[in-house]
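Structure assessment
What follows is each chain in one-letter form.
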Amino acid sequence: MQLQLSFATLLAGVLFALSTVQDAAARPMKRSPGTITLPLKRVPRAEGIPPTIYLQQHINRAHKRLARMKKREVPSDLQLRQNIERRMLALEESPLSKRFNRQGVKKNARSTNRIGLAGAPHSPRSLELKKTKGGNAAAGQAAAATATGDNGTAGTGSQIEANGVPSGVEAANAPTASNSLGLNIEGQDVGYLATIQMGTPPQDFLILMDSGSADLWVGSESCQSSAGGGCGSHTFLGTASSSTFQDSGKQFAVTYGTGNVAGTIITDNIAVAGLNLTGHQFGVADEESDDFADNSVPFDGLMGLAQSSLSEQGVPTPPESLASAGLISDAITSFKISREADDLNDGEITFGGLDATKFDASTLTTFDNVNADGFWEGAMDSVTVDGTDTQLTGRTAILDTGTTLIVAPPDDATAVHQLIQGSASDGQGGFTVPCTTNASVALSFGNTAFAIDPRDIAFQPVDANDPTGDCISGISSGEIGAATEWLVGDVFLKNAYFSVDVGNNAISLAKLV
């Protein structure tokens, strides 16, 4: 059935989406000295948003993120909103197939916009969750009171299920490595979550893991949304739920590619895979943008895993503190990211070393971090398509689990797509490729080429009713930064074992097994 959508209707459609629920167990495994592994869990992709709008939201977010990373002028919200509007108008000019959400849209439903631009129409990137996400049973009544919707009012946020994750979060399998917990994949491979404990008695907090920032925070018991009201149905931390909570009164604020938080630096106990940090310094957010505060957001806070020199709080990251306390041998963080389409649920994050069972040791390459600010950026030797060299040399790439796509300078993105048969520019920074492409795009670091699965290049069908037609490319273009700088996100990182080492200021990549 074909339907001509008005601009207003399309805009309204961008506001809402739900997704299905799949759950699997994710349990900690026996701890061994020096290394901690957390399994990654997955949230199913959101539905109902036009793919080109979804693409532009990712591009906007990546542009803002890269500008902040490079300390350059950030695109204004007006500029980014206009990018969205241009794509909406392009859709207005042609008939669209009607795409119903399988579960419908509840009255007054809301969704988060973390992947889009601040202040723009909400994008349905996440799922609608059901009710309270509280702490574990030991947290008691005080903790339960702080974990209800809008900081005390029963809401429709996330609900802890028997396997310890919110409804709608697909948990990772029990990891094969020792000392393991799970890391979740959120949405269409757009984010990665792990459960840690905070406070006394300890409560479970589901945390977004981000290699492109350096601050740990969760919502405070008095948290307020900048959009009005409380911070949704999440787990919160404060004196009512933790007897070891101490507020320093020092303020902090962090702005991300989309979304921001502000609050105070506190001291409390945290545990990562059973390793206990007593009196760790981190932040509680007294104010969150709706990108984090909304009930539909499945995570309770964020852990930045770049170097602490980047921290807005001015405190060590958890891996750095774990190493200083002798709980892990080195401040190393390693990622094995699971791909939604594989349905393997085998993602993990490891602190203190590399899990040798996840990669081919003969392909392990280690290279210097060339970024002086604390991000993880390495020299990229070459870019090839089906073995043909694009002649792009002298490039660097920031490797960032918090970015979904690959964003390359416009001329570089064009050079890559010129070698992919059937590709085309959409004239707005994005590209399309055949959904059936077998093109092998490879990025080379440390003289080792790492191929990207063609399924990641064919990121999402332009028309959901034509899965063998054109797909949005996982490589987009951006004019932020120098003509040699790339921002390389999960489209690439799903295809390699990724490890960062603070002590040696080094990055390692290896081919997965």
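Refer to the structure printed above.
Residues numbered from 1 in each chain as written. Predicted model: local features only at pLDDT ≥ 70, side-chain atom pairs only at ≥ 80, totals over all residues. Heavy atoms only, no water.

Some thoughts on the overall build of the chain
Along the chain, the regular secondary structure elements total 10 helices and 29 strands. Burial statistics for the chain: of 513 residues in total, 59% are counted as buried. Long-range pairs, those at least 24 residues apart, make up 75% of the contacts in the chain between residues at least 6 apart in sequence. Of the accessible surface of the chain, which amounts to about 18400 Å², a share of 49% is contributed by carbon and sulfur atoms. (Helix = DSSP H or I, 4+ residues; strand = E, 2+ residues; numbered from the N terminus. Buried < 20%, exposed > 50% of the residue type's maximum accessible area, 1.4 Å probe, protein only. Contact = heavy atoms within 4.5 Å. Areas by Shrake-Rupley, 256 points an atom, 1.4 Å probe, with all protein chains shown as cover.)

A few points about the pattern of salt bridges
Evaluation of the coordinates by the stated rule reveals 10 salt bridges. Linking Asp342 and Arg339 is a salt bridge whose minimum nitrogen-to-oxygen distance equals 2.8 Å. The partly exposed category is assigned to Asp342, whose relative accessible area is 27%. Using a relative accessible area of 8% as the deciding quantity, one classes Arg339 as buried. Notably, a salt bridge pairs Asp355 with Lys358, separated by 2.7 Å at the nearest N-O pair. On the basis of relative accessibility, which here comes to 8%, the residue Asp355 falls in the buried class. Judged by its relative accessible area of 9%, Lys358 falls in the buried class. Each of the salt bridges in this network shares a partner with another, and the network as a whole consists of Asp189, Arg339, Asp342, Asp453, Arg455, Asp456 and Lys494. (Salt bridge = Lys/Arg side-chain N within 4 Å of Asp/Glu carboxyl O.)

Some words on the state of the cysteines
Here a disulfide denotes a covalent bond joining the sulfur atom of one cysteine to the sulfur atom of another. For the coordinates displayed, the defined rule picks out two disulfides. Paired by a disulfide, Cys223 and Cys231 hold their sulfur atoms 1.9 Å apart. Disulfide Cys223-Cys231: the torsion about the S-S bond is -70 degrees, which places it as left-handed. This pair shows no difference in class: Cys223 is buried, exactly as Cys231 is. What pairs with Cys435 in a disulfide is Cys471, and their sulfur atoms sit 2.1 Å apart. Here the S-S torsion is close to 105 degrees, and the disulfide linking Cys435 with Cys471 is therefore right-handed. Placement of the pair is Cys435 in the loop between strand E21 (431-434) and strand E22 (441-445) and Cys471 in strand E25 (residues 470-473), with a sequence separation of 36 residues. Taking the relative accessible area as the measure of exposure, Cys435 reaches 16% and is therefore buried. In this structure Cys471 comes out as buried when scored by relative accessible area, which is 3%. (Disulfide = S-S within 2.5 Å.)

Overview of the packing of aromatic side chains
Evaluated as defined, the whole model comprises eight aromatic pairs. Their ring planes at 65 degrees and their centres at 6.3 Å tell us that Phe292 and Phe299 sit as a pair that is edge-to-face. Judged by its relative accessible area of 2%, Phe299 falls in the buried class. Members of the aromatic cluster, each reached through a chain of ring pairs, are Trp217, Tyr256, Phe292 and Phe299. (Phe/Tyr/Trp six-rings, centres within 6.5 Å; stacked < 30°, edge-to-face > 60°.)

Description of unusual backbone geometry
The omega angle of the peptide bond from Thr200 to Pro201 is -5 degrees, so this bond is cis rather than trans. Position of Pro201 relative to the elements: it lies in the loop between strand E5 (191-198) and strand E6 (203-210). Phi angles above zero are rare outside glycine, and Ala273 is one such case at about 55 degrees.

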